[in-house]
Amino acid sequence: MIVTSPVHIPIWGTYITTPSVSEQQAQVNIENTVQNDSAKSQKLMVHTTIYNNKNQAVGQVSNAITLSANSQQVIDQDVTVAKPDFWSPDSPALYVAKTQIISGKEVVDSSTTRFGVRTFINDPKTGFYLNGKPLKIKGVNLHHDAGLVGAAVPKDVWRRRLQSLKDAGVNTIRTAHNPASKEFLELCDEMGFLVQEEAFDEWDNPKDKRKNFNQSGEVDYITQSYNQVFAEWAERDLKAMMLRDRNHASIFQWSIGNEIEWTYPNYVGSTGYWDKKNKVNYYWNAPPYTPAESKAIFDSKEVKGPKLEDTAQRLSKWAKEMDTTRPITANLVVPSVSHFAGYADALDVIGYSYRQAEYEYGHKHFPDKMIIGTENWVQWHEWQAVLDKPYVAGIMVWTGADYMGESNGQWPRKGTDSGMLDFAGFKKPSYHMMKTVWSDEPHLHITTQTMDKSSYKIENGKVVEKEAGSWKKGKWFWRDVNPHWNYENNQQIIVEVYSNQPEVELLLNGKSLGIKKLSDNEDRILKWAVPFSAGKLTARAVGSVIETEIATAGEPAAIKLTSDKTELVNDQYQVSHIVAQLVDKNGNPVYHQEGKITFDVATGLKALGVDNGWSRNVQKHQSDSLTTYRGRALLIVQSTEATGAFAVNVQSSKLKPSKQIIKVTKSKK
């Protein structure tokens, strides 16, 4: 509950834009809505001060107003900030506007609003520019849930996940397919992520939730969704999202819909992809028809009910009533049709969903709209496809983290494991691949697999794909690889190294197994066939001290605990992620065996739950025990009102137990 004076700034009542920006100065426009709920006219002073990220006042403005009884007025203020600090992913500088409503000598209300100074250009030929400089979008999609905490995600949980993605070079997030939480967007502002905020997954017609496709049968309780209230609520919900979030520095695009064309058959049916006479693949081939041929089919189809293009125009109009400083976009599954059918006319930037096969077609036939990949597989070939296409602003891979849902009847698979991070926020092999192409930080990562389970074979003394070129067709899920070096003696093992270093040498127990060059491997995977021998496997960048290693582990002997935060405040909100890893007697991580472990959390901390990150882990999250995956498990604890040093103990049969102390101090608030 928010309690205010009768004279006040309503919730979300401040709107800040920067209509004119240069390195010398930024014009900051502040629109403050002032509400007078009293029965008397009020003489007021509206005073706004701008502070930089060092809490230094850099500008101020005051306006005297007379506000009639039971009325509302928008006060337009302008402040010039000299030599502004620009917000960007590399340097997320934020400003604060503090507005006070003063009656006589009394401050009757105040509000604080964060914002950033930055400029956007969306060029159909050369792509996206931030603050006048070209920036390729290295993006991920994120659902609203975060593993064991579900949809009620504490800020620290998002912070841990976002920092991992940031470390991989990610600079953009699409909130798929719904508005993000206030806490999430605050972190994106602070940490430096561009955000495409999305409003809707459905419009007029339902999607079959079992297949994320158009509804082909009767609508039942599983498929009933937002489309039932869309006509009544769409305008209010869209405008509420934008009213709440339009001051966030991170938001650079508004998305009005996700894969909406699936639910309007005349769009899908006009592409030619599903016409049996056309021997083309939707994912890998350009559209079989010219725009004129598709349009002829489209125009011949009878449309019953609302037209997609009309709904898109209404949504775009409502969005621009709220904000014209950012472009409107959507995630299109059949852009070859949407471009001419009227849908794209409602959009400023065109999002392509798994449509790398259409990039050249789209740019050739519809060159006036910038293209951006808004859903792409977590695969190197997706990034490769845009590197030589400046007119494609970048990609957003599906997904940054595994999420609940879309298990497609594959129980006990509880969700979709296409993420760079797993359900517990642990880094997956695909994370390391994307880091090697998105981050300038030198990086090496080793994975292994038996020859029979790997994607490779030995041919003429070389490690080659069993199916030549299969890496170019990788989709949602990464290859089956292991993080360990534990196999049968002399068993033939394929070692894969992901790296951004020009040359890498592989060593087993200090003996060189040869050097591989990145330039010789189009798939960016360095490969060796190695007869297994116990010991230490090391990948080392040639001419550098950069290296990584994995070691043969013995039997589990103990549990090692680590925590991302050992100190919390007693705000009943902050959390600590405590990771339990099985280790052998020498301290080597045991990734190839599992064990059931039990946590004991002291009174004074609240256990939010446990997980091991595996997509087929259906053990209860609200439990003090679970079986590990890759020898690892996660516990999240949250502070309470109590202060002091509190122990988290973990134990397992026949293993040496471990303890982690979490110190909780009194909150200053």
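Scroll up for the structure.
Only a predicted model underlies this, so the values are computations on that prediction, with no experimental measurement involved. Chains are numbered independently. Their residues run from 1 in the order of the written sequence. Where local features are concerned, this predicted model is filtered to residues with pLDDT of at least 70; where side-chain atom pairs are given and counted, the filter is 80 or more; whole-chain, interface and lining totals use all residues. Derived side-chain values reflect all non-hydrogen atoms in the structure, with water molecules and hydrogen atoms excluded from consideration.

K.L.:
Explain the side chain of Ser639 to me, please; I cannot follow it from the model alone.
P.N.:
Secondary structure elements are defined from DSSP: runs of H or I of at least 4 residues count as helices, runs of E of at least 2 residues count as strands, and each element is numbered from the N terminus. Tracing the sequence through the fold places Ser639 in strand β39 (residues 632–639). Burial here depends on accessible area, computed with a 1.4 Å probe over protein chains only, as a share of the maximum for the residue type. Under 20% is buried, over 50% is exposed, and the range in between is partly exposed. Looking at Ser639, the relative accessible area reads 2%, which means it is buried. Polar contact is the term for a pair of N or O atoms within 3.5 Å; when the atoms are in protein, one must be able to donate a hydrogen and the other to accept it, and sequence-neighboring residues count only if both atoms are side-chain atoms. A polar side-chain atom of Ser639 sits 3.2 Å from the main-chain amide nitrogen of Gln572. With residues near it in sequence (within four places) discarded, Ser639 still touches Leu568, Val569, Asn570, Asp571, Gln572, Tyr573, Gln574, Leu605 and Val664. The contact criterion used throughout is that any non-hydrogen atoms of two residues lie within 4.5 Å.

K.L.:
For this particular structure, what's the right way to read empty space enclosed by the protein?
P.N.:
If you roll a probe as big as a water molecule over the atoms, it shows you where there is empty space left. Here a cavity denotes a set of grid points, spaced 1 Å apart and computed over the protein atoms alone, in which a 1.4 Å probe fits but from which it cannot get out, and a pocket denotes an open set meeting protein on both sides within 12 Å along at least five of seven lines; residues with an atom within 4 Å of a point are reported as lining. Grid points are joined across faces, edges and corners, and a volume is the space filled by probe spheres set on the points. By the definition in use, this model includes three cavities of 30 Å³ or more. If you add up the space inside the largest cavity, you get close to 50 Å³. Lining the largest cavity, in full, are Gln379, Trp380, His381, Trp471, Trp478, Arg479, Asp523 and Ile525. Amino acid classes used here: Ala, Val, Leu, Ile, Met, Phe, Trp, Tyr, Cys and Pro are nonpolar; Asp, Glu, Lys and Arg are charged; the rest, including Gly, are polar. When grouped by side-chain class, the residues that make up the lining of the largest cavity number four nonpolar, two polar and two charged.

K.L.:
Can you walk me through the layout of surface pockets in this structure?
P.N.:
As a volume, the largest pocket reaches approximately 1300 Å³. Around the largest pocket sit 45 residues that line it, and Lys427, Lys428, Pro429, Pro483 and Arg630 are the ones nearest its centre. Looking at the lining of the largest pocket, the elements with two or more residues in it are α10 (429–438), β24 (444–450) and β32 (547–551). Top element by residues in the lining of the largest pocket is α10. It accounts for five residues. The class makeup of the residues in the lining of the largest pocket is 17 nonpolar, 14 polar and 14 charged.

K.L.:
Any chance you could explain the pairing of strand β13 (residues 172–175) here in plain terms?
P.N.:
Side chains on a regular strand alternate between the two faces of the sheet. Along β13, one buried face is formed by Thr172 and Arg174 and the opposite face, lined by Ile173 and Thr175, is buried too. Only when DSSP finds a minimum of two bridges between them are two strands counted as paired. In terms of strand pairing, strand β12 (residues 137–142) meets β13 through four bridges, oriented parallel. Residue Gly139 lies in a different strand from β13, and its bridge partner there is Thr172. Handedness of the β-α-β unit built from β12, helix α1 (residues 155–167) and β13 comes out right-handed. Of the pairings in the sheet, the one linking β13 to strand β14 (residues 194–198) comprises four bridges and is parallel in character. Paired with Arg174 across the two strands is Gln196, which belongs to β14. Here, the term right-handed applies to a crossover whose path from the first strand over the helix to the second runs clockwise when the strands point away from the viewer. Following the backbone out of β13, through helix α2 (residues 182–191) and into the adjacent parallel β14, one traces a crossover that is right-handed.

K.L.:
When you look at the pattern of salt bridges in this model, what are you seeing that I'm missing?
P.N.:
Two side chains that carry opposite charge are able to pair once their charged atoms sit near each other. One side-chain nitrogen of Lys or Arg within 4 Å of one carboxyl oxygen of Asp or Glu is enough to make a salt bridge. The full count for this structure, using the stated rule, is 30 salt bridges. Glu190 is the salt-bridge partner of Arg114, the closest N and O atoms lying 3.0 Å from each other. Of the two residues, Arg114 sits in strand β8 (residues 106–115) while Glu190 sits in helix α2, which places them 76 residues apart along the sequence. Given the relative accessible area of 32%, Glu190 is considered partly exposed.

K.L.:
Whenever I open this one, helix α5 (residues 291–300) confuses me. Can you help?
P.N.:
An α-helical turn contains 3.6 residues, so any two residues separated by three or four positions project in the same direction. Within α5, the full set of buried residues consists of Pro291, Ser294 and Phe298. Within α5, the buried residues cover an arc of 65° as seen down the axis, which keeps them to one side. Looking at α5, the residues exposed on the side facing more than 90 degrees away from the buried face are Ala292 and Ser300. In this fold, the buried residues of α5 make contact with α4 (265–268), α6 (308–322), α7 (335–341) and α8 (359–365). The directions considered for the arc are those from the helix axis to the C-beta atoms.

K.L.:
I'm lost on a nonpolar patch on the surface in this one. Help?
P.N.:
Patches in this entry comprise residues that are over 30% relatively accessible and not in a salt bridge; like charges within 9 Å are linked, as are nonpolar side chains (Val, Leu, Ile, Met, Phe, Trp, Tyr) within 5 Å. All accessible areas in this document rest on Shrake-Rupley with a 1.4 Å probe, and a residue is counted as covered only by the protein chains that are shown. Where nonpolar side chains cluster on the molecular surface, the patch consists of Ile2, Ile11 and Trp12 and spans about 340 Å² of accessible area. For Ile2, a relative accessible area of 64% puts it in the exposed group.

K.L.:
Explanation requested: the sheet that holds strand β7 (residues 95–103) in the structure shown.
P.N.:
Strand pairing in a sheet is mediated by backbone hydrogen bonds. Such pairs are either parallel or antiparallel. Read across the open sheet, the four strands follow the order β5-β4-β7-β8; overall the sheet is antiparallel. Of all the strands in the sheet, just β5 (57–67) and β8 have a single pairing partner and so form its edges. Neighbour-to-neighbour, the strand axes of the sheet open up by a mean angle of 15°, direction not taken into account. Direction of pairing for strand β4 (residues 42–51) relative to β7: antiparallel, over a ladder of seven bridges. Its bridge partner being in β7, Thr48 is matched across the sheet by Thr99. Here an axis means a line fitted to C-alpha atoms, over the contact stretch when the element is a helix, while the angle between two N-to-C directions is reported on a 0 to 180 degree scale.

K.L.:
Where do I start with the packing of aromatic side chains in this structure?
P.N.:
For any pair of aromatic rings, the description consists of the separation of the ring centres together with the inter-plane angle of the planes. Only the six-membered ring of Trp is used, alongside the rings of Phe and Tyr, when aromatic pairs are assigned; centres must lie within 6.5 Å, and planes under 30 degrees apart are stacked while those over 60 apart are edge-to-face, with the rest tilted. Across all of its chains, the model carries 31 aromatic pairs by this definition. Relative to Phe252, the ring of Phe120 lies with its centre 6.4 Å away and its plane at 75°, an arrangement referred to as edge-to-face. Here Phe252 lies in strand β17 (residues 251–258) and Phe120 lies in strand β9 (residues 120–123), a separation of 132 residues in the sequence. In this structure, Phe120 and Phe252 share a single accessibility class: buried. Taking the centre distance of 5.1 Å and the plane angle of 40° together, the rings of Trp274 and Tyr282 count as tilted. Looking at Trp274, the relative accessible area reads 45%, which means it is partly exposed. The class of Tyr282 is buried, set by a relative accessible area of 11%.

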